[in-house]
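Report on the structure
Here are the chains, one letter per residue:
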Amino acid sequence: MNAPLLNGQVAVIGAGTMGIGIAQVAAAAGHPVRLFDIAPAAAQRAIDELARRLRQRVDGGKADANATEALLARLERADSLEQLADCTLVIEAVAENLAIKQSLFRDLEAVCSPTALFASNTSSLSITAIAGALQHPQRMAGLHFFNPAPLMKLVEIVSGLETGAETLAALQALAQRWGKQSVVCRSTPGFIVNRVARPFYAETLRALEERVADAATLDAVLRDAGGFAMGPLQLTDLIGQDVNYAVTDSVYRAFYQDPRFTPSLVQQELVAAGHLGRKSGRGFYRYDAQRPAAEMIAFAPPAQAAPPQRVTLHGDWSSLADLAELLIENAGAIKQPGQTSPYLTIDDVTLMLTNGKTASQLADERGTPVVLFDLCADYAHASAIAISCAAQNGAQHNANAIRLLQSLGKQVIQLPDYPGLLTMRTLAMLANEALDVVNKGVAGAEDTDLAMLRGVNYPRGPLAWGAALGWRHILTTLENLQRYYGEARYRPMPLLRRYASPASFPGAKR
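Everything numeric here is computed off the predicted structure, so don't read it as measured data. (Residues numbered from 1 in each chain as written. Predicted model: local features only at pLDDT ≥ 70, side-chain atom pairs only at ≥ 80, totals over all residues. Heavy atoms only, no water.)

**Remarks on the pattern of salt bridges**
Rules: Just to be clear on terms, a salt bridge is a Lys or Arg side-chain nitrogen sitting within 4 Å of an Asp or Glu carboxyl oxygen. Think of it in three bands: residues with accessible area under 20% of the maximum for their type are buried, residues over 50% are exposed, and the middle band is partly exposed, with areas taken using a 1.4 Å probe on protein chains only.
Evaluation of the coordinates by the stated rule reveals 25 salt bridges. Between Arg 206 and Glu 210 there is a salt bridge, with the nearest N and O atoms lying 3.0 Å from each other. Residue Glu 210 is classed as partly exposed on the basis of its relative accessible area of 34%. Taken together, the shared-partner salt bridges connect Arg 195, Asp 258, Arg 260, Glu 433, Asp 436, Lys 440 and Arg 491 into one network.

Structure, rendered in structure tokens:
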């Protein structure tokens, strides 16, 4: 089955952004491609617009003229499904409507060869349900590309209940030939990426709802401190608030209203108002004539110079080794090794990585002034770091902590005393969801991390990041958040409890 598929005629149904993008990928790999849309004029317009953009790249010296013309010569419009009869692969990229997709594949099954493979680019609908309309559902799988399809490297290959092993193997080989990295998963709501990614948006949306900070400051915490390529609110503006909200709502309903996927009322209001992000000129940010010259991020002002302070690192800093090295090199910190969780002291002030409790709670427990700092993917290269300070602290206590962090070359974002701050609670939720994907056999750990690295450009895979930080800290953070809010949203998954248990993994980092 592989040889005809690797070299054969490909059909793409749906001439929207994703459809023409997938057609471009297939044509660039050497396949003759037929693009079909229920409106023939739409298919022709898509091909013409692609030709215009690609030739513009040639004119700008960014693409080869011969290769571009060869690609375009392999693209043609189909005016009926019957013209797809000789295709070895048909990829559907039409509206996210189950009935429409089922009807389409029923029609295709009556037209195409029994050996032709069918694939859906759906991002949210069940492959099992779509294939249920076929007499031979083993030929059907999901082939979920990410936008823009020609640039994004990841493809999720999704197995329905009846999908054949040969179908999966053939699509994996095809994805490799097309220059894509593929991950294989079972057909469950959101597959890997759109399921695991929900907390990335949800925790920042919650912080915005709770008036922790404005959009620009919250985005800066995840981007400039946390290490993500874009802040969640920036990214939803780029994706489209309507699109992002619809995916969240779809996953929420598909999981029978599980609270960990609850949509945001703030985002719902934006959609209702038509503030959809870049495409409408306004979302969490403005993109019209009224856009501010620069979004103001609430960085702490530079601290005044002060006499050198005694900085001591206590406990086991192996999980925060890059931060420890910065403190030793730039602040003259000395180590006092131990088996406790890492913390540092500046005279009488305790600085700790947030663990889901507030700084004020920890100040009560420890009997010292406490400043909490947030997680970074890479403390050495992060341009900023977020903190929160206990209500019991004096102004000088907070100033001492800010001065120390600024001496490391970091901008300091001081948030209110918010439990788990932002990057830490986001990672805890991402890792928790990724572990549930693995535990329930939706995908393997390696594919799950790869999907998040390549599909949404995370700085680290959530499973690798959670393991490096220590599963015990992830578990503690979620348990503390669950106690604070009293919500099942933050419940730890069974596999997280196993990984955090010394009895289950005596040699593992906890």
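**Concerning helix 14 (residues 321–331)**
Operational definition: Helix and strand assignments follow DSSP, with helices taken as H or I runs no shorter than four residues and strands as E runs no shorter than two, numbered in order from the N terminus. It is the directions from the helix axis to the C-beta atoms that the arc portrays. A contact between two residues is defined here by any heavy atoms of the two lying within 4.5 Å.
Along helix 14, the residues that are buried comprise Leu 323, Ala 324, Leu 326 and Leu 327. For helix 14, the arc enclosing every buried residue in end-on projection is 160°, short of the 170-degree limit, so these residues lie on one face. In the core, the buried residues of helix 14 are packed alongside strand 9 (311–314), strand 11 (343–346), strand 13 (370–373) and helix 16 (395–406).

**With respect to the state of the cysteines**
Just so we agree on the cut-off: Working definition: a disulfide is two cysteine sulfur atoms within 2.5 Å of each other.
In the structure shown here, the tally under the stated rule is zero disulfides. The cysteine Cys 87 is free of any disulfide, with Cys 112 supplying the nearest cysteine sulfur at 6.4 Å. A relative accessible area of 2% means that Cys 87 is categorised as buried. For the unlinked cysteine Cys 389, the closest cysteine sulfur is that of Cys 376, found at 16 Å. Among the residues examined, Cys 389 registers a relative accessible area of 10% and is labelled buried.

**As for the sheet that holds strand 4 (residues 89–92)**
Convention followed: Any two strands are treated as partners once DSSP identifies two or more bridges connecting them. Every axis corresponds to a line fitted to the C-alpha atoms, with the helix fit spanning only the stretch in contact, and the corresponding angles, defined between N-to-C directions, vary from 0 to 180 degrees.
The sheet built from eight strands is open, its strands ordered 3-2-1-4-5-6-7-8 with mixed pairing. Looking along the sheet, the strands with just one partner apiece sit at the ends: strand 3 (75–78) and strand 8 (181–186). When the angles between neighbouring strand axes are averaged without regard to direction, this sheet yields 25°. Two elements, strand 4 and strand 5 (residues 117–120), share four bridges in a ladder whose sense is parallel.

**With respect to the packing of helix 10 (residues 215–225) against helix 11 (residues 232–239)**
Packed helix pairs are characterised by how far apart their axes lie and by the angle those axes make with each other. What counts, and what does not: The scheme is simple: roughly parallel for angles under 35 degrees, roughly antiparallel for over 145, roughly perpendicular for 65 to 115, oblique for anything else. Each residue is assigned to one of three groups, with Ala, Val, Leu, Ile, Met, Phe, Trp, Tyr, Cys and Pro labelled nonpolar, Asp, Glu, Lys and Arg labelled charged, and all others, Gly among them, labelled polar.
For the pair helix 10 and helix 11, interaxial distance at closest approach is 7 Å and the crossing angle is 105°. Accordingly, the angle class assigned to the pair helix 10 and helix 11 is roughly perpendicular. Counted together, Ala 215, Asp 219, Leu 222 and Arg 223 of helix 10 and Pro 232, Leu 233 and Gln 234 of helix 11 form the full contact between these two elements. In terms of residue class, the contact of helix 10 with helix 11 is built from four nonpolar, one polar and two charged.

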